[in-house]
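# An overview of the molecular structure
Residues per chain are reported as follows:
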Amino acid sequence: MQSYQTKFLDLALESKALKFGSFTLKSGRQSPYFFNLGLLNTGSLLSTLATSYAQAIIASGIEFDILFGPAYKGIPLTAITVAKLAEIGGEKYQNVGYSFNRKEAKDHGEGGSIVGCELANKKILIIDDVMTAGTAINEAFEIIGKDKGEVVGTIIALDRQEKTKDSEFSATQVVAQRYGIPVISIVSLNDIISYLGDKLSADEKAAIVQYRKDYAPAQL
């Protein structure tokens with residue numbers, strides 16, 4: 001694992017953004033862990049989070065013009081991450097733009113639903129926290145497509161690496177296959193088990209290993 005990944009996991013654990021126990025997910029599954037990026041809610045925590053996103057993007061080598069954050073969670077993520085890219089990414093990332101969508105289109109002034117850089121004829125990287133069903137990403141594709149932008153990839157904080165309710169594949173696999181783009185993450189469930197295994201109780205580790213076994217997606 002890279003240092004930005006271990007720092008991210010340490011941060012998530014210390015801030016309780018990553019918790020272990022028994023949690024009912026929106027899907028109805030009982031998960032032995034829960035991730036809530038909203039608990040990274042101070043300047044210091046956000047700076048470290050932005051560094052993790054930025055370093056994962058740099059490591060991916062994806063070429064893009066604009067970082068797009070779907071409303072609402074993606075809005076602060078895109079702003080802090082482009083700022084960090086400009087800070088640590090060198091000349092290549094100085095002019096990366098950011099955009100996000102309004103939930104309701106503005107009907108006065110310039111109008112429209114996009115805030116920030118125009119998307120037309122630009123290469124777009126979508127940023128979000130997690131991807132469970134891919135719904136938010138699908139909506140982002142529609143928005144970007146209407147504005148004539150080209151999505152070249154997606155980055156999320158955590159890849160849960162579990163199959164969706166209606167397929168044998170994970171949400172990241174489904175999105176990657178459907179749109180023909182890379183879906184990258186700061187960390188994955190495998191990283192959690194590998195790095196935090198020694199910091200978990202025997203019961204916690206057994207539960208999370210079993211969960212991975214029960215919901216492991218098929219390999220494309």
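Worth saying up front: this structure is predicted, and the values here are computed from it rather than measured. (Residues numbered from 1 in each chain as written. Predicted model: local features only at pLDDT ≥ 70, side-chain atom pairs only at ≥ 80, totals over all residues. Heavy atoms only, no water.)

## Considerations on the overall build of the protein chain
Of regular secondary structure, the protein chain possesses seven helices and eight strands. For 220 residues, the compact-globule estimate of 2.2 N^0.38 gives 17 Å, and the C-alpha radius of gyration of the protein chain, at 18 Å, lies within 12% of that figure. Dimensions along the principal axes, computed over C-alpha positions, put the protein chain at roughly 55 × 40 × 30 Å. Within the protein chain, the proportion of its 220 residues that are buried is 45%. Partitioning the intrachain contacts of the protein chain with sequence separation of at least 6 by distance along the chain shows that 71% fall at a separation of at least 24. Summed over its atoms, the accessible surface of the protein chain is roughly 11200 Å², and 48% of this surface lies on carbon and sulfur atoms. (Helix = DSSP H or I, 4+ residues; strand = E, 2+ residues; numbered from the N terminus. Rg over C-alpha atoms; globule rule 2.2 N^0.38 Å. Buried < 20%, exposed > 50% of the residue type's maximum accessible area, 1.4 Å probe, protein only. Contact = heavy atoms within 4.5 Å. Areas by Shrake-Rupley, 256 points an atom, 1.4 Å probe, with all protein chains shown as cover.)

## Remarks on the packing of aromatic side chains
Enumeration over the complete set of coordinates arrives at seven aromatic pairs. Judged by centre distance (6.4 Å) and plane angle (90°), the rings of Tyr 33 and Tyr 211 are edge-to-face. Of the two residues, Tyr 33 sits in strand E2 (residues 30–35) while Tyr 211 sits in helix H7 (residues 202–215), which places them 178 residues apart along the sequence. We classify Tyr 33 as buried; its relative accessible area is 0%. Among the aromatic residues, ring-to-ring pairing joins Tyr 33, Tyr 211 and Tyr 215 into one connected group. (Phe/Tyr/Trp six-rings, centres within 6.5 Å; stacked < 30°, edge-to-face > 60°.)

## Considerations on the packing of helix H2 (residues 43–60) against helix H3 (residues 74–88)
The packing of two helices is summarised by the inter-axis angle and the distance between the axes. Where H2 meets H3, the closest approach of the two axes is 8 Å, and the angle between their N-to-C directions is 70°. Our classification of the angle between H2 and H3 gives roughly perpendicular. Crossing geometry of H2 relative to H3 is assigned as right-handed. Taking contact as the criterion, the partners of Leu 46, Ser 47, Leu 49, Ala 50, Thr 51, Tyr 53, Ala 54, Gln 55, Ile 57 and Ile 58 in H2 are, on H3, Leu 77, Ile 80, Thr 81, Lys 84, Leu 85 and Ile 88. (Axes fitted to C-alpha atoms, helices over the stretch in contact; angles between N-to-C directions. Parallel < 35°, antiparallel > 145°, perpendicular 65-115°, else oblique. Left-handed = near helix turned anticlockwise from the far one by under 90°.)

## What about the pattern of salt bridges?
Considering all chains together, one arrives at seven salt bridges under this definition. For Glu 87, the salt bridge identified is with Lys 84, shortest N-O distance 3.5 Å. Within this pair, Glu 87 and its partner Lys 84 are both found in helix H3, separated by three residues, close to a single helical turn. On the basis of relative accessible area, Glu 87 is assigned to the exposed category, the value being 58%. The class of Lys 84 is buried, set by a relative accessible area of 10%. Taken together, the shared-partner salt bridges in this structure form one network comprising Arg 29, Arg 160 and Glu 162. (Salt bridge = Lys/Arg side-chain N within 4 Å of Asp/Glu carboxyl O.)

## Examining the environment of Asp 10
Structurally, Asp 10 is set in helix H1 (residues 3–14). The sequence separation of Asp 10 and Tyr 195 amounts to 185 residues, and the corresponding C-alpha distance is 9.4 Å. Excluding residues that lie within four positions of it along the chain, Asp 10 makes contacts with Tyr 195 and Lys 199. Only 3.1 Å separates the side chain of Asp 10 from the side chain of Tyr 195, close enough to count as a polar contact. (Polar contact = N/O pair within 3.5 Å; in protein donor to acceptor, adjacent residues only side chain to side chain.)

## Observations regarding the nonpolar core
Counting residues in hydrophobic clusters, the biggest one holds 43 residues, and the most contacted among them are Leu 18, Tyr 33, Tyr 53, Phe 64 and Ile 192. In terms of residue count, the dominant contributor to this core is H2 (six residues). Membership of the second largest hydrophobic core comes to 17 residues, among which are Ile 66, Phe 68, Ile 126 and Ile 181. (Core = buried A, V, L, I, M, F, W, Y, C linked by side-chain atoms within 4.5 Å.)

Treat this as a map of the structure, not an account of what it does.
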